[in-house]
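Notes for the structure review
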Amino acid sequence: MSTPVLHLDDPVKRQKVLELVRGLDLTADTQKKIRDVFESEMELGLAKNPPVASSLQMENTFLPELCDGSEEGDYLSLDLGGTNFRVIWLRIKSGAVVSEAVQYYQVPEDVRLGPGVKLFDFLAECIHNFMDGRQLKGQNLPLGFTFSFPMTQQGLDVGILVSWTKSFNCSGVVGEDAVKMLNDAIHRRGDTDVDVIAVLNDTTGTLVQGAFVDRKCAIGLILGTGSNACYIERADRIEKWEGEHKDVKEVVIDVEWGAFGDNGVLDFIKTEYDKEVDRNSLLVGSFTFEKHFGGKYLGEIVRCVLVRLTKEGLLFQSNASEELLQHGAFTTRFVSLIEEDNVNGVDVNTTGALNELKLAFNKEDIEIVKYICWLVSDRAAILVSICTASLLERMDRPETTVAIDGSLFKHHPRLKSFMEKYIAAMAPANKFQLMLAEDGSGKGAGLIAAIASRLKKQQAH
Ligand code: BGC
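The name given to the chain in an unreviewed UniProt entry is Phosphotransferase, with the source organism recorded as Daphnia pulex. Recorded in UniProt for the chain, the comment headed Sequence similarities (unreviewed entry) runs: "Belongs to the hexokinase family." Under the Function (unreviewed entry) heading, UniProt states for the chain: "Catalyzes the phosphorylation of various hexoses to hexose 6-phosphate."

Taken together, the four bridges between strand β6 (residues 151-155) and strand β7 (residues 158-161) define a ladder with antiparallel strand orientation. Of the residues in β7, the one forming a bridge with Met151 is Leu161. From the end of β6 to the start of β7, which pair antiparallel, there are two residues.

This part takes up the site of the ligand. Neighbouring the ligand are 15 residues, the closest being Thr165, Lys166, Asn201, Asp202 and Glu256. The separation between an oxygen atom of the ligand and a polar side-chain atom of Asp202 is 2.5 Å. Taken by itself the ligand offers 310 Å² of open surface, and the protein chains cover 98% of this. Taking a 2 Å distance to the grid points as the criterion, the majority of the atoms of the ligand fall inside the largest pocket. Taken together, the elements giving at least two residues each to the shell around the ligand come down to α6 (202-213) and β10 (227-234). In the shell around the ligand, the residues fall into four nonpolar, seven polar and four charged.

A word on the nonpolar core. Trp257, Ile372 and Met419 are the most contacted members of the largest nonpolar core, which has 117 residues in total. The element contributing the most residues to this core is helix α11 (residues 363-395), with 20 residues. Ignoring anything within four residues of it in the chain, the contact list for Met419 reads Leu221, Leu223, Ala381, Val384, Ser385, Ile404, Phe409, Ala424 and Leu434. Within the second largest apolar cluster, 39 residues are counted, among which are Leu76, Val111, Trp164 and Val196.

For the rest of this paragraph, the subject is helix α2 (residues 28-46). Taking 1.5 Å of rise per residue, the 19 residues of α2 would be expected to cover 27 Å, and the 27 Å separating its terminal C-alpha atoms lies within 8% of that figure. On its buried face, α2 sits against β10, β11 (250-254), α11 and α13 (415-426).

Residues annotated in UniProt with the feature "domain: Hexokinase C-terminal" (unreviewed entry) correspond here to residues 219-451. Along residues 219-451 the backbone is 45% helical and 13% strand, and the end-to-end C-alpha distance reaches 18 Å.

Here we take up the sheet that holds strand β5 (residues 141-147). Two pairing modes exist for strands in a sheet, parallel and antiparallel, and in both the strands are linked by backbone hydrogen bonds. Taken together, five strands build an open sheet; the order of strands is β4-β3-β2-β5-β8 and the sheet is mixed. Looking at strand neighbours, the two that pair on one side only are β4 (96-106) and β8 (194-200), the edges of this open sheet. Neighbour to neighbour, the strand axes of the sheet diverge by 25° on average, direction disregarded. Note: strand β2 (residues 73-80) against strand β3 (residues 84-93), seven bridges, orientation antiparallel. Pairing of Asp74 across the sheet is with Arg91, part of β3.

On to the packing of aromatic side chains. Each aromatic ring pair is specified by the distance between its two centres and by the angle formed by the two planes. For the coordinates displayed, the defined rule picks out 13 aromatic pairs. Ring centres of Phe145 and Phe147 lie 5.4 Å apart, and the angle between their planes is 50°; on these two criteria the pair is classed as tilted. We note that Phe145, like Phe147, is buried. Here the aromatic rings of Phe147 and Trp164 are separated by 5.8 Å at their centres, their planes lie at 70°, and the arrangement is edge-to-face. One end of the pair, Phe147, is in strand β5; the other, Trp164, is in the loop between β7 and α5 (178-189), and 17 residues separate them in sequence. The same class applies to Phe147 and to Trp164, which are both buried. By way of ring pairs, the aromatic residues Phe38, Trp257, Phe260, Phe289 and Phe293 are connected into one cluster.

In this section: the sheet that holds β10. Spatial strand order, β1-β11-β10-β9-β12-β13: six strands in an open sheet with mixed pairing. Strands with a single pairing partner mark the edges of an open sheet, and in this sheet they are β1 (59-60) and β13 (431-436). On the sheet, α13 packs against β9 (217-223), β12 (399-405) and β13 and is oriented at approximately 165° with respect to β13.

Our next topic: the UniProt feature "domain: Hexokinase N-terminal" (unreviewed entry) in the chain. UniProt feature "domain: Hexokinase N-terminal" (unreviewed entry): in the numbering of this structure it lies at residues 19-211. Across residues 19-211, helical content stands at 35% and strand content at 28%; the span's end C-alpha atoms are separated by 45 Å.

With that out of the way, let us pick up helix α4 (residues 116-133). Because the α-helix completes a turn every 3.6 residues, residues three or four places apart line up on one side. Taking 1.5 Å of rise per residue, the 18 residues of α4 would be expected to cover 26 Å, and the 26 Å separating its terminal C-alpha atoms lies within 8% of that figure. All buried positions along α4 are accounted for by Gly116, Leu119, Phe120, Phe122, Leu123, Ala124, Cys126, Ile127, His128, Phe130 and Met131. At the exit of α4 stands Gln135, carrying a positive phi of roughly 50°.

Running from amino to carboxyl end, α11 crosses α13 at an angle of 45°, the nearest separation of the two axes being 8 Å. Classed by the angle they form, the pair α11 and α13 counts as oblique. Handedness of the crossing formed by α11 with α13: right-handed. Of the residues assigned to the contact of α11 with α13, the class counts are 14 nonpolar, three polar and two charged.

This brings us to the layout of surface pockets. Within this model, the largest pocket holds a volume of roughly 770 Å³. Lining of the largest pocket is provided by 32 residues; of these, Asp79, Gly81, Gly82, Thr225 and Ser407 occupy positions nearest its centre. Those elements that place two or more of their residues in the lining of the largest pocket are β2, β3, β10 and α12 (407-411).

Right, let's get into the side chain of Asn228. Among the structural elements, Asn228 can be located in strand β10. In terms of polar contacts, Asn228 uses its side chain to reach the backbone amide nitrogen of Glu256, at 2.8 Å. A distance of 3.2 Å separates the side chain of Asn228 from the backbone nitrogen of Trp257, its partner in a polar contact. Beyond its immediate stretch of four places on either side in the chain, Asn228 contacts Asn201, Thr203, Gly220, Leu221, Ile222, Asp254, Val255, Glu256 and Trp257.

Quick notes on the rules
Residues numbered from 1 in each chain as written. Predicted model: local features only at pLDDT ≥ 70, side-chain atom pairs only at ≥ 80, totals over all residues. Heavy atoms only, no water. UniProt positions renumbered as here; feature names shortened; annotations may be inferred. Pairing = 2+ DSSP bridges. Helix = DSSP H or I, 4+ residues; strand = E, 2+ residues; numbered from the N terminus. Near = heavy atom within 4 Å. Polar contact = N/O pair within 3.5 Å; in protein donor to acceptor, adjacent residues only side chain to side chain. Areas by Shrake-Rupley, 256 points an atom, 1.4 Å probe, with all protein chains shown as cover. 1 Å grid on protein atoms, 1.4 Å probe; cavity = no way out; pocket = protein on both sides within 12 Å on 5 of 7 lines; lining within 4 Å. Sits in = over half its atoms within 2 Å of the grid points. Nonpolar A, V, L, I, M, F, W, Y, C, P; charged D, E, K, R; others polar. Core = buried A, V, L, I, M, F, W, Y, C linked by side-chain atoms within 4.5 Å. Buried < 20%, exposed > 50% of the residue type's maximum accessible area, 1.4 Å probe, protein only. Contact = heavy atoms within 4.5 Å. Expected span 1.5 Å × (residues − 1). Axes fitted to C-alpha atoms, helices over the stretch in contact; angles between N-to-C directions. Phe/Tyr/Trp six-rings, centres within 6.5 Å; stacked < 30°, edge-to-face > 60°. Parallel < 35°, antiparallel > 145°, perpendicular 65-115°, else oblique. Left-handed = near helix turned anticlockwise from the far one by under 90°. Points joined across faces, edges and corners; volume = space filled by probe spheres on them.

As structure tokens, then:
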């Protein structure tokens with residue numbers, strides 16, 4: 001598989017286009033520099049008194065073990081992270097999910113951006129609605145809460161929000177415990193009976209779900225609206241971990257790589273397009289790494305490039321349609337569709353997307369748009385692969401399965417193969433496979449609630 005190539009007959013025009021996107025093409029030197037910075041940020045993030053603050057949170061999830069196959073019972077799981085909130089009822093037998101019932105609730109924009117209390121009241125109402133519809137009232141089911149935002153954890157059932165990301169920005173939640181806020185909302189209603197026993201990040205859910213399917217799984221990765229990963233770290237390497245944990249050998253660490261470089265250490269890769277995407281995003285300057293490739297942003301990066309090339313007279317005969325000028329108009333779905341054309345050597349999806357954007361285009365325009373989608377996808381794969389390869393080398397296991405979930409990974413036709421190529425080159429001594437772990441955040445939350453119940457019972461004895 002080759003690196004992105006732009007086929008244009010006119011060498012002058014070709015040169016001009018390449019000049020304007022040069023920064024998106026990461027050289028081997030730049031890749032090496034990113035990796036060095038990532039590894040040093042990881043170390044700083046685990047240190048007790050780091051000389052400078054790391055942009056990587058390296059959060060202890062307090063999950064000391066994965067499923068051991070003895071988990072049983074009925075559990076609820078909640079999944080909040082995107083615009084759809086899910087409530088799931090899982091039945092687990094011998095550590096396996098044997099049945100599940102799911103309901104989706106759209107979280108309206110005013111709830112995603114309004115007061116936090118309203119958000120948690122909304123979640124409690126959904127839980128009530130779900131249980132009411134399934135005659136689950138009065139059963140006091142243990143609940144695992146997937147809260148896919150950066151949290152400070154002080155135990156499996158305490159998750160203090162560090163900052164909002166993606167499309168949420170509710171007031172009064174940063175610095176508060178999401179579990180307590182949810183419990184308070186449930187108690188305010190007085191008509192719903194659940195026991196929130198674990199809060200987790202979607203990466204952790206994905207790892208647990210992945211490890212259930214494949215024992216070699218030691219990384220949970222999300223490539224969806226946002227991006228992040230967790231991995232299994234040796235407890236003795238977590239210098240900052242205070243308190244009693246003598247018997248714990250390993251623990252799952254949530255890297256929170258979406259924020260990688262927010263402290264400036266990665267400014268050398270930021271192109272004018274990345275800066276523009278950040279400027280136009282909900283939380284400017286925050287979680288800038290995931291803005292390079294998260295599903296919420298990938299299409300927008302392409303759009304910014306296309307607008308610039310149009311202004312420079314290199315696309316669409318200098319005419320950008322009103323549609324193309326709108327933020328968010330070039331969706332990540334378009335990138336995946338156009339990448340499909342690149343794979344199949346056709347133009348059908350590209351012309352469809354350009355028509356939807358009401359653009360007048362010719363053959364050269366199609367070539368350029370296809371190239372930009374390839375280039376931006378390739379960079380996404382390189383960035384995720386650098387971080388993944390670093391984790392693989394750090395864990396240094398004979399063989400590791402990386403469980404991956406998220407809409408971008410699922411729908412992009414060749415991110416997986418790009419990543420396989422890059423990771424293999426970047427961590428040549430570490431055998432690995434990438435595995436789609438569908439619905440890690442849903443099933444994983446139920447499984448973690450089951451693990452938490454088991455651990456609680458063990459502690460009581
Ligand atoms: C959040 C992470 C989450 C990731 C994927 C990021 O914006 O900070 O906690 O794992 O999105 O959903």
